[in-house]
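Structural overview
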Amino acid sequence: MRRAYLHLPRFAAQRRVLEQPALGGQPFALTEEVRGQRRIACASSAALRAGVQPGMTLTAASALLPTLQPFTLCEEDEWRALRALGEALLVLAPGFQLCPPDGMWLDASAAPLAGGEAGLAERVLQLCAERGYRGGVAVASEAFTARALARHGGRVQTVEAGQGGRALAPLPLSALEEHPARAAFVALGLSTLGEVAALPAGAVAARGGAQALRAHALCRGADDTPFVAEALEEVVEERLSLDFPAESFEPVQFALKTLLDRLCARLGGRRRAAVRLRFELLLDPSGRAVLPLTLARPSAQARLLLDLARHRFENLRLERPVAGLVARVEEDCEDPGQQLSLGDGPQGDAALEVVLSRLASTLGEGALFSAAVQPVHRPEQAYSPCAFRPPRAARGLLADLLPTSPLPLGEGGVQERPSRLVASPTPLDAELGPDGELRSARLQGARRRVVALTGPERLSGEWWAPAPYSRDYYRLHLEGLGPVWVFRDAADGRFYLQGFFD
């Protein structure tokens, strides 16, 4: 099996800078507790240049670099961030296997779709760069070969099947990292993996046992470690603990952005879009506040969700500080994307989407209504109000919100219908020409000249009903008013106003 290994050097430090841009270029370190002492687990480039090294006690590191900013390493947060990136990469690979704390294997079987294995590696790094991470990728048939080359080789490397030993030969012995047999090889004076691979297998087994023989096989490019893809969680949920309880909205806002970036990355990799979300603020020392968010249209855009979430959070008043946040997708659907036609204005759709989402979140889902098409041919009864649900088609939002009638028009499909229908047809004081053509009509207190006219479209039916109908519909453009929809009733010969086109 061909697999790619993505290595993200000092992933925890990269993530910290990504979430707190003010730390860029500053000396800081993430610490963990080891036998009762705080020790450096990961440090920034500025701290490393000053002499701070992983494994050093925090006391010694602070004495060496007084300006060092320490943060507590949370393994769960690092794992969640790495997993979110892995799910985002599902758009390029059918599966991923995490290798904490700073890497993962990817199933490279879809490489032909990306222009080959080198093309896949470049696209993986490009997607990582778009999310603020830098790293290296190596593609090989063996798990150890790919990992060692990605961690100790160049930015992008590909190894043909059966050539793993040759590619590994120049790497230093440190590529074995924490392998138990590494110390024995160092004691023998060996410095590269190629030197280990050149040893007789029998002698290695006799002096080092099974562990040394296993390391010897890895150095020769022989590794039968299976690829076990991560199982995707059914519910998309992200949680984050704050370094210190927040009493203002600003630190909560940074954490909120981080959560939504991860959430949308996971949704994007699954080709899903959120319909309803649920936010929980974990309070210090106990308690929680729950905030629901309903979207006007399914979305996986972090910027839009952050804008809507800010609207929900900005007027929130809490009695206790916020210690953590949880973001959960309560309902999602397939994300078909949005196909725009020439001349479409996505800015208008986005603005309307924000307004509708805010209304639904503030006033409740029952406050918004939309038009539901009914199996009735009479236009004023062809749709009825219903509870608003986010449209799931790939059309624009404005088109989804406009009522349409199911009336067919021969082979031409469905005729355009006005966006606003009057409650009941209103009689018009119409002026006709010598041939019976409509010249003007009195509307809204003034007589208005007909500038343009399209029609007629004949609608009739319901002969079995007490009040059957037969009408000729016209689309008029009235001077000073715009396009309207009127019809002439065959029963009495009068003209009636049916609706307005926006």
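Residues numbered from 1 in each chain as written. Predicted model: local features only at pLDDT ≥ 70, side-chain atom pairs only at ≥ 80, totals over all residues. Heavy atoms only, no water.

1. Looking at the overall build of the chain
In terms of helices and strands, the chain carries 14 helices and 21 strands. When the backbone C-alpha atoms are referred to their principal axes, the chain occupies close to 110 × 55 × 35 Å. Put simply, 59% of the contacts in the chain that link residues at least 6 apart link residues at least 24 apart. Of the roughly 25,300 Å² of accessible surface on the chain, a fraction of 52% belongs to carbon and sulfur atoms. (Helix = DSSP H or I, 4+ residues; strand = E, 2+ residues; numbered from the N terminus. Contact = heavy atoms within 4.5 Å. Areas by Shrake-Rupley, 256 points an atom, 1.4 Å probe, with all protein chains shown as cover.)

2. Considering the sheet that holds strand S4 (residues 69-72)
Across the sheet, 3 strands lie side by side as S3-S2-S4; this open sheet has mixed pairing. Each edge of the open sheet carries a strand with a single partner, namely strand S3 (37-43) and S4. Within the sheet, the average angular offset between the axes of one strand and its neighbour, ignoring direction, is 45°. Looking at chain direction, strand S2 (residues 28-34) and S4 are connected through 4 bridges and run parallel. Across the sheet, the residue bridging to Leu30 is Phe71, located in S4. (Pairing = 2+ DSSP bridges. Axes fitted to C-alpha atoms, helices over the stretch in contact; angles between N-to-C directions.)

3. Points about the packing of aromatic side chains
Going through the model one piece at a time under the given rule, you end up with 9 aromatic pairs. Note on Tyr473 and Phe487: the rings are 5.0 Å apart at their centroids and 45° apart in plane angle, and the pair reads as tilted. Taken together, the residues span a long stretch of sequence, with Tyr473 in strand S19 (residues 469-478) and Phe487 in strand S20 (residues 482-489) at a distance of 14 residues. By the burial criterion, Tyr473 is buried, and Phe487 matches it. Arranged with centres 6.3 Å apart and planes meeting at 50°, the rings of Tyr474 and Phe495 form a pair that is tilted. Pair noted here: Tyr474 is in strand S19 and Phe495 is in strand S21 (residues 495-500), with a separation of 21 residues, a long-range link. The burial state of Tyr474 is the same as that of Phe495; both residues are buried. Among the aromatic residues, those joined into a ring-pair cluster are Tyr473, Trp485, Phe487 and Tyr496. Lying over the aromatic face of Phe487, Arg471 brings its terminal NZ or CZ to 4.3 Å of the ring centre. (Phe/Tyr/Trp six-rings, centres within 6.5 Å; stacked < 30°, edge-to-face > 60°. Buried < 20%, exposed > 50% of the residue type's maximum accessible area, 1.4 Å probe, protein only. Lys NZ or Arg CZ within 6 Å of the ring centre and 35° of its normal.)

4. Quick word on the layout of surface pockets
Taken as a whole, the second largest pocket encloses approximately 820 Å³ of empty space. The wall of the second largest pocket is formed by 28 residues, among which Ala41, Pro54, Pro101, Asp102 and Arg151 lie closest to the centre. Elements represented by at least two residues in the lining of the second largest pocket include exactly helix H1 (11-19), S3, helix H4 (75-88) and helix H6 (143-152). (1 Å grid on protein atoms, 1.4 Å probe; cavity = no way out; pocket = protein on both sides within 12 Å on 5 of 7 lines; lining within 4 Å. Points joined across faces, edges and corners; volume = space filled by probe spheres on them.)

5. Quick word on the sheet that holds S19
The strand order across the open sheet formed by 7 strands is S15-S21-S20-S19-S18-S17-S16, and the pairing between neighbours is antiparallel. Either end of the sheet is taken by a strand with one partner, and the two such strands are strand S15 (420-427) and strand S16 (429-432). The sheet shows a mean angle of 35° between the axes of neighbouring strands, taken without regard to direction.

6. Thoughts on the confidence of the model for the chain
For the chain, the average pLDDT comes to 86, and 90% of its residues sit at 70 or higher. Low pLDDT (under 50) marks residues 392-414, which in the prediction has 53 contacts with non-local residues, meaning those over four places away or in another chain. (pLDDT = per-residue confidence, 0-100.)

7. Side note on the pattern of salt bridges
Under the defined criterion, the tally for this structure stands at 32 salt bridges. Arg151 serves as the salt-bridge partner of Glu177, at 2.4 Å between the closest nitrogen and oxygen. Taken together, the residues Glu177 in the loop between helix H7 (164-168) and helix H8 (182-187) and Arg151 in helix H6 connect sequence positions 26 residues apart. Overall, the relative accessible area of 17% leaves Glu177 in the buried class. On the basis of relative accessibility, which here comes to 25%, the residue Arg151 falls in the partly exposed class. Its salt-bridge partner being Asp429, residue Arg447 comes within 3.0 Å of it at the nearest N-O pair. Taken together, the residues Arg447 in strand S18 (residues 446-461) and Asp429 in strand S16 connect sequence positions 18 residues apart. Connected through salt bridges with shared partners, the residues Arg15, Glu19, Glu78, Arg83, Glu87, Glu230, Glu233, Glu238, Arg262, Arg266 and Arg270 form a single ionic network. (Salt bridge = Lys/Arg side-chain N within 4 Å of Asp/Glu carboxyl O.)

8. Focus: the environment of Leu421
Considering the arrangement of structural elements, one finds Leu421 in strand S15. Classification of Leu421 as partly exposed rests on a relative accessible area of 21%. Counting along the chain gives 42 residues from Leu421 to Pro379, while the straight-line C-alpha distance between them is 8.6 Å. Among all residues touching Leu421, those that are not within four sequence positions of it are Pro379, Glu380, Tyr383, Trp485, Gln498 and Gly499.

9. Digging into the packing of H4 against helix H11 (residues 249-270)
One way to put it is that H4 packs onto H11 with a least axis distance of 7 Å and a crossing angle of 35°. The crossing of H4 and H11 is left-handed. Contacts from Asp77, Arg80, Ala81, Arg83, Ala84, Glu87 and Ala88 in H4 reach Arg262, Ala265, Arg266, Gly269 and Arg270 in H11. Per-class residue counts for the contact of H4 with H11 are 4 nonpolar, 1 polar and 7 charged. (Left-handed = near helix turned anticlockwise from the far one by under 90°. Nonpolar A, V, L, I, M, F, W, Y, C, P; charged D, E, K, R; others polar.)

10. Brief notes about the packing of H1 against H4
At a minimum axis distance of 11 Å, the contact between H1 and H4 shows a crossing angle of 80°. Taken together, the axes of H1 and H4 lie roughly perpendicular to each other. Contact residues: H1 offers Phe11, Ala12 and Arg15, while H4 offers Asp77, Glu78, Ala81 and Leu82. (Parallel < 35°, antiparallel > 145°, perpendicular 65-115°, else oblique.)

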